[in-house]
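What follows is each chain in one-letter form.
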Amino acid sequence: MRYLSANDHYRQRFGKKMYRVAISLDVTCPNRDGSKGTGGCIFCSAGGSGEFASDKSLPVREQIDMAVAKVRSKAGADAGYIAYLQSFTNTYCSVQYLDGVLNSISSHPMIGAVIIGTRPDCLPDEMVSLISDYNRKLPVYVEMGLQTSNDNTARLINRCYDTSVFGEAAGRLRCEGINVTGHVILGLPGESVDDMMDSVRYVVDSGCDGIKFTCLYVLKGTKLYDMFINKEFEVLGMEEYFDIVDRALDIIPEGMVVYRLTGDGPKSILAAPEWTANKRAVINYINRRFG
Ligand code: SF4
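Quick look at the structure, then. (Residues numbered from 1 in each chain as written. Predicted model: local features only at pLDDT ≥ 70, side-chain atom pairs only at ≥ 80, totals over all residues. Heavy atoms only, no water.)

**Comments concerning the site of the ligand**
Step number 1: Neighbouring residues of the ligand: nine residues in total, closest Cys29, Gly40, Cys41, Cys44 and Arg119.
Step number 2: Residue composition of the shell around the ligand, by class: five nonpolar, two polar and two charged. (Near = heavy atom within 4 Å. Nonpolar A, V, L, I, M, F, W, Y, C, P; charged D, E, K, R; others polar.)

**A look at the sheet that holds strand β7 (residues 210–215)**
Whether parallel or antiparallel, the strands of a sheet pair through hydrogen bonds between backbone atoms.
Step number 1: Taken in spatial order, the eight strands line up as β1-β9-β7-β6-β5-β4-β3-β2 in an open sheet, and their pairing is parallel. On the outer flanks of this sheet lie β1 (4–5) and β2 (18–23), each paired with one strand and no other. (Pairing = 2+ DSSP bridges. Helix = DSSP H or I, 4+ residues; strand = E, 2+ residues; numbered from the N terminus.)

**A look at empty space enclosed by the protein**
Step number 1: Counted according to the given criterion, the structure contains one cavity of 30 Å³ or more.
Step number 2: Computed from the structure, the largest cavity encloses a volume of approximately 40 Å³.
Step number 3: Lining of the largest cavity is provided by Tyr10, Arg20, Ile115, Tyr141, Glu143, Thr181, Lys212 and Tyr259.
Step number 4: Of the residues that constitute the lining of the largest cavity, the class distribution is four nonpolar, one polar and three charged. (1 Å grid on protein atoms, 1.4 Å probe; cavity = no way out; pocket = protein on both sides within 12 Å on 5 of 7 lines; lining within 4 Å. Points joined across faces, edges and corners; volume = space filled by probe spheres on them.)

**Re the packing of aromatic side chains**
Step number 1: What the rule picks out here adds up to 12 aromatic pairs.
Step number 2: Measuring from centroid to centroid gives 5.9 Å for phenylalanine 242 and tryptophan 275, while their planes differ by 55°, and the two rings are tilted. Here phenylalanine 242 is found in helix α9 (residues 238–251), whereas its partner tryptophan 275 is found in the loop between β10 (270–272) and α10 (279–290), with 33 residues between them in sequence.
Step number 3: A relative accessible area of 15% places tryptophan 275 in the buried class. (Phe/Tyr/Trp six-rings, centres within 6.5 Å; stacked < 30°, edge-to-face > 60°. Buried < 20%, exposed > 50% of the residue type's maximum accessible area, 1.4 Å probe, protein only.)

**Re α9**
Step number 1: A rise of 1.5 Å per residue sets the reference length of α9, with its 14 residues, at 20 Å; its end C-alpha atoms lie 20 Å apart and thus fit the reference within 8%.
Step number 2: Looking at the buried side of α9, the elements it contacts are β6 (179–186), α7 (193–205), β7, β9 (257–260) and α10. (Expected span 1.5 Å × (residues − 1). Contact = heavy atoms within 4.5 Å.)

**A short note on the pattern of salt bridges**
Step number 1: Tallying each qualifying case throughout the model produces 16 salt bridges.
Step number 2: Note that aspartate 198 and arginine 201 form a salt bridge whose closest N and O atoms lie 3.1 Å from each other. Linking aspartate 198 with arginine 201, this pair stays in helix α7, spanning three residues, or about one helical turn.
Step number 3: Residue aspartate 243 pairs with arginine 289 through a salt bridge whose shortest N-O separation is 2.7 Å. Taken together, the positions of aspartate 243 in helix α9 and arginine 289 in helix α10 put the pair 46 residues apart, joining distant regions of the chain. (Salt bridge = Lys/Arg side-chain N within 4 Å of Asp/Glu carboxyl O.)

**A closer look at unusual backbone geometry**
Step number 1: Backbone torsion omega between alanine 272 and proline 273 reads -10°, so that peptide bond is classified as cis.
Step number 2: With respect to the secondary-structure elements, proline 273 resides in the loop between β10 and α10.
Step number 3: Positioned with a positive phi, glutamine 147 is a non-glycine residue whose angle comes to about 70°.
Step number 4: Tracing the backbone shows glutamine 147 in strand β5 (residues 140–147).
Step number 5: We classify glutamine 147 as buried; its relative accessible area is 9%.
Step number 6: At cysteine 160, a residue that is not glycine, the phi angle is positive and equals roughly 65°.
Step number 7: Within the secondary structure layout, cysteine 160 lies in the loop between α5 (151–156) and α6 (163–175).

**A look at the side chain of threonine 148**
Step number 1: Position of threonine 148 among the secondary structure elements: in the loop between β5 and α5.
Step number 2: Within polar-contact distance, the side chain of threonine 148 engages the backbone nitrogen of asparagine 150 at 3.0 Å.
Step number 3: Residues in contact with threonine 148, not counting those within four places in the same chain, are Thr153, Ala154, Ile157, Arg159, Thr163, Leu188, Glu191 and Ser199. (Polar contact = N/O pair within 3.5 Å; in protein donor to acceptor, adjacent residues only side chain to side chain.)

**Here's the deal with the packing of helix α3 (residues 95–106) against helix α4 (residues 125–135)**
Step number 1: Running from N to C, α3 and α4 point in directions that differ by 15°, and their axes come no closer than 10 Å. When the interaxial angle is binned, α3 and α4 end up roughly parallel. Crossing of α3 over α4 shows right-handed handedness. Here α3 contributes Val95, Leu98, Asp99, Leu102, Asn103 and Ser106 to the contact with α4, which in turn contributes Glu126, Met127, Leu130, Ile131 and Tyr134.
Step number 2: When the residues that make up the contact of α3 with α4 are grouped by side-chain class, the tally is seven nonpolar, two polar and two charged. (Axes fitted to C-alpha atoms, helices over the stretch in contact; angles between N-to-C directions. Parallel < 35°, antiparallel > 145°, perpendicular 65-115°, else oblique. Left-handed = near helix turned anticlockwise from the far one by under 90°.)

**What about α3?**
Step number 1: The terminal C-alpha atoms of α3, which comprises 12 residues, lie 16 Å apart, in line with the 16 Å expected from a rise of 1.5 Å per residue.
Step number 2: Every buried residue of α3 is listed here: Leu98, Val101, Leu102 and Ile105. One face of α3 carries all of its buried residues, which in axial projection span an arc of 95°.
Step number 3: Those residues of α3 hidden inside the fold are in contact with α2 (60–75), β3 (80–85), β4 (111–118) and α4. (Arc of directions from axis to C-beta.)

Given below as structure tokens:
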């Protein structure tokens, strides 16, 4: 294997295969409610980048029970589970609210770790300190969307925070011993391959423990979709995309976890690129090329 995958990392850390179970919280995003911006990042759908998550009106414990029940027969008795707070910005709430959520998660007997997806500008010191407290009882992973280190592209995609905010937040989390992952999108409008490599280098230099790649995909109903229809940019082909990933992997230091080489959007609203919808073909390609 050319890189340390999520599975390998989880096996090393937990001694078994770990399955992620998506949990939805009653949160939104400062980029949608007007406090930082409106409309959200131009690629983000109404589901807040978490189309596969569960029903947020249910108590967290119930969501975990339901999500575990769904995968348990496939996972087997020896598997472990990681609660994944993926949709929207899961630290964009009061400390008390997140405390209650993490308390439910950490006391659930099936859960061995938690991943908190968020933005770096939503991590005040009190939040980091709360996460740090829980991290002593249950491994916590914080996943932050950088997407690009190029501030011009960041403005174009309406990210609504400066790149330096990511590095600063990653530093504070690492100081508390919290595991940090940075998310990078490859193929953003107007970006050269060198821009993309700069983003990868930025995540590495920020001291992140892991990185997650996604090929830019276009979802119907987003601002990005309008730009795509107006031919303002082109999406990457599969071969072209993985050539870029190949270069990115050369930058990743040994021991840094590559959680994902690409992602896939919900098929019902996916406009392009079509190859991202063919999950089996993509996995086979990845195994052949990088396995
Ligand atoms: S910060 Fe995340 S949830 Fe908010 S608009 Fe951007 S991608 Fe969507």
